[in-house]
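Close look at the chain arrangement
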Amino acid sequence: MPVTGEATILHADLDAFYASVVLLSRPDLLGKPVAVGGGVVLSATYEARAMGVRGAMRIGEAKKLCPGLIVVDGAFGDYVEYSDRVFDVFRDFSPLVEPISIDEAFIDVGGATHLFGPPEHIAESIRANVRSETGLPVSVGGAQTKFLAKIASQVAKPDGSLIVAPGTETDFLHPLNVGYLWGVGPVTLAQLADLGISRIGELAEAPTSLLADRVGPHRARHLHALAWNRDPRGVVTGRRSSSVGAQRAFGGDHHDPEFIRGVLSRLASRVGARLRRGGRAGRTLTMRARFADFQAITRGTTMRTATASSAVLYRTALELAAGVLDEFPDRGLSLLGISMSHLVPSSPLQLELPIFDDDLVGGSPRELELQALDAAVDDLRERFGERTVGPASDLLGSRSDFSEGLSDIMTRD
């Protein structure tokens, strides 16, 4: 915890991020119930949320809850671009920024108050600058602990800020519903309700032995500590992701190999670009496939050398997908995802000796040529936009009528 006695840990969380990005280019949809996604909801406006629409919900179910729901696609490149611009704003106020996902981060402003004023002023300045630079709404919470800062940002939503002053933590925390606590989902909510516990203050006063009988001893100690705002973690910067990936939910029941090739090509292109942007390469590729009935399976392979080549990622993922289709010939897919793990710095990489038949493995001469092509493509996209150049299959695929529903995966150490 900060030694200054100020609430200098901020949690900034973009409001309905994916939907908000779409609305920037579709102002005609402002004030309407909108969901971004394809087979499932990736994000929804607050008008849609008021009708019960939530992330990860199937589009069909969302439309039953909200008959007037407007479903739109989103361009993944736009999300990354806006996220980068928002994080640049965060770093204008402090170098101590810990990304949590593409749309939220912790910011330690303990060393910035002499420049920008107290945490309340910094929170409002961050919100104003994000709005000015990107047009996006962001909610900011602040406290002496990360746990409470995140809760404060949730309470401040939408488009607000809330700083919990030192000494008032339990007064703020205890009246809140236990659903605000990290790790409390529907099952735990029901277990606590059986004990007559609905507020965090009631949880704080409950004997841990009683809680342990319902939720287990480890979870009981964890929840009890959070109920008393005990969270010793500081803001950690410089952590590298242990895997990088992307997935696309497209709904339906797809068997068409051409469609699947197009999806994997776009995913491989985006994962490869993220690896190269971070100066990293990976050895293990994991492919996730979800069937139309929502059952999911994963398949993976480890390559002889690390790679960040989009072409190598694509071909490897395609081989794994072909195996899945052969294994389950009568089942269609509703989601595909790929991720790379066992990450290492991308340079220098071990070169392959010319003794293998395969000329497209990581470190082979052909793969090095393709990496040079990737670098040229990355440069063009950085200068002129994500959609400037890409494989012909991507460009053709962008005209298709399936919904993208793309989300980024950054699994941290």
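Quick look at the structure, then. (Residues numbered from 1 in each chain as written. Predicted model: local features only at pLDDT ≥ 70, side-chain atom pairs only at ≥ 80, totals over all residues. Heavy atoms only, no water.)

1. Brief notes about the sheet that holds strand 1 (residues 9–14)
- Within the open sheet, the 5 strands sit side by side as 5-6-1-7-8. Their pairing is mixed. Of all strands in the sheet, those bounded by a partner on one side alone are strand 5 (97–101) and strand 8 (161–163). If you compare each strand with its neighbour and ignore which way they point, the axes differ by 15 degrees on average.
- Summarising the sheet, strand 1 and strand 7 (residues 138–143) pair through 6 bridges and their orientation is antiparallel. When the bridges of strand 7 are listed, L14 appears paired with V138.
- Contacting strand 1, strand 5, strand 6 (104–108), strand 7 and strand 8, helix 7 (residues 146–156) runs over the sheet at an angle of about 140 degrees to strand 7. (Pairing = 2+ DSSP bridges. Helix = DSSP H or I, 4+ residues; strand = E, 2+ residues; numbered from the N terminus. Axes fitted to C-alpha atoms, helices over the stretch in contact; angles between N-to-C directions. Contact = heavy atoms within 4.5 Å.)

2. Digging into the nonpolar core
- The biggest cluster of nonpolar side chains holds 37 residues, and the ones touching the most others in it are L10, F17, Y79, F90, I107, I126 and V130.
- Not counting chain neighbours up to four residues away, the residues in contact with F17 comprise S43, Y79, Y82, S83, I102, D103 and L136.
- The next biggest cluster of nonpolar side chains, apart from the first, holds 31 residues, and it includes V263, A281, A306 and L313. (Core = buried A, V, L, I, M, F, W, Y, C linked by side-chain atoms within 4.5 Å. Buried < 20%, exposed > 50% of the residue type's maximum accessible area, 1.4 Å probe, protein only.)

3. Examining the pairing of strand 3 (residues 41–44)
- Taken together, the 3 bridges between strand 2 (residues 34–37) and strand 3 define a ladder with antiparallel strand orientation. By the bridge assignment, G37 is partnered in strand 3 with V41.
- Counting the residues between successive antiparallel strands, the hairpin from strand 2 to strand 3 contains 3 residues.

4. As for helix 14 (residues 310–327)
- With 18 residues, helix 14 ought to run about 26 Å at 1.5 Å a step, and its terminal C-alpha atoms sit 26 Å apart, in line with that.
- When we look at burial in helix 14, the residues that qualify are S310, V312, L313, T316, A317, L320, A321 and V324. Down the axis, helix 14 shows its buried residues gathered within 165 degrees of arc, on one side only. (Expected span 1.5 Å × (residues − 1). Arc of directions from axis to C-beta.)

5. Side note on the side chain of R127
- Summarising the element assignment, R127 is placed in helix 6 (residues 119–134).
- With a relative accessible area of 15%, R127 lands in the buried category.
- Those residues in contact with R127, other than ones at most four positions away along the chain, are V138, V140, D159, G160 and S161.

6. Remarks on the pattern of salt bridges
- According to the stated counting rule, one finds 12 salt bridges in the structure shown.
- Between E124 and R127 there is a salt bridge, and its shortest N-O distance comes to 3.0 Å. Note that E124 and R127 are positioned in helix 6 at a spacing of 3 residues, about one turn of the helix.
- One salt bridge connects D194 with R214, and the closest N-O pair in it is separated by 3.4 Å. Of this pair, D194 sits in helix 9 (residues 186–194) while R214 sits in helix 11 (residues 208–215), and the two are 20 residues apart along the sequence.
- The exposure class of D194 is exposed, given its relative accessible area of 53%.
- Looking at R214, the relative accessible area reads 41%, which means it is partly exposed. (Salt bridge = Lys/Arg side-chain N within 4 Å of Asp/Glu carboxyl O.)

7. Remarks on unusual backbone geometry
- The omega angle of the peptide bond from K157 to P158 is -5 degrees, so this bond is cis rather than trans.
- The topology assignment puts P158 in the loop between helix 7 and strand 8.
- Even without being glycine, H342 reaches a positive phi, approximately 55 degrees.
- Locating H342 in the fold gives a position in strand 12 (residues 333–345).

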